Amino acid sequence: MEFYIPTETGEFLAFCAAAAATLIGLVMLFAPRVAFRAAGIGIAEGRRGGLAEARSTMGGMHVGLGLGAILLGQPMVYLAVGAAFALAAFGRILSIMSDNGGTLFNWIALAIQAVLAILPLAYVFGLI
């Protein structure tokens, strides 16, 4: 198996979204406190369940999904990356609407998630 960086624009943008997923996952996997602090999320003293959740679900899942897409380079794997980010953006929209979560951080994160969803989905569906 050979690692390659795509040269076609659409696939390269999908590749970049997968790389971003991997990077986000690595930060959550190895520095969850830093990521939580940046997001304004606190961990209760003496309760480490939140850190385990961050490292596994928010870190490991992103790394696995992103690396899988990067290493396999198949449209259906890029579809999974786009769908994951689209549903994450949908969840953030629900939070903004239902939980009074219209903070600056949530709006910026929503914009980033929307872009990271659009890039691979546009490639898979032949729009770019």
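Residues numbered from 1 in each chain as written. Predicted model: local features only at pLDDT ≥ 70, side-chain atom pairs only at ≥ 80, totals over all residues. Heavy atoms only, no water.

Moving on: the overall build of the protein. Across its full length, the protein holds five helices and zero strands. For the protein, the N- to C-terminal ordering of α and β elements is α-α-α-α-α. Relative to the 2.2 N^0.38 estimate, which gives 14 Å for 128 residues, the radius of gyration of the protein is 16 Å and therefore close to what a compact globule would have. Partitioning the contacts of the protein with sequence separation of at least 6, the portion at a separation of at least 24 is 66%. (Helix = DSSP H or I, 4+ residues; strand = E, 2+ residues; numbered from the N terminus. Rg over C-alpha atoms; globule rule 2.2 N^0.38 Å. Contact = heavy atoms within 4.5 Å.)

A few words now on the environment of alanine 80. Tracing the chain through its elements places alanine 80 in helix α4 (residues 75-98). Expressed as a C-alpha distance, the spacing of alanine 80 and alanine 117, which sit 37 residues apart in the sequence, is 9.6 Å.

Moving on: the UniProt feature "transmembrane region" (unreviewed entry) in the protein. The sites that UniProt annotates as "transmembrane region" (unreviewed entry) are residues 12-31, 77-97 and 104-125. As annotated, residues 12-31 has a helix share of 95% and a strand share of 0%, and its two end C-alpha atoms lie 28 Å apart. Along residues 104-125 the backbone is 95% helical and 0% strand, and the end-to-end C-alpha distance reaches 31 Å. (UniProt positions renumbered as here; feature names shortened; annotations may be inferred.)

Counting residues in each nonpolar core, the largest one holds 15 residues, and the members touching the most others are Ala18, Ala69, Tyr78, Phe85 and Tyr123. Only α1 (9-30), α3 (49-72), α4 and α5 (104-124) provide two or more residues apiece to this core. If you tally residues by element for this core, the top one is α1, at five residues. Every residue in contact with tyrosine 123, bar those within four places of it in the chain, is listed here: Glu8, Gly10, Glu11, Ala14, Pro75, Tyr78 and Ile128. (Core = buried A, V, L, I, M, F, W, Y, C linked by side-chain atoms within 4.5 Å. Buried < 20%, exposed > 50% of the residue type's maximum accessible area, 1.4 Å probe, protein only.)

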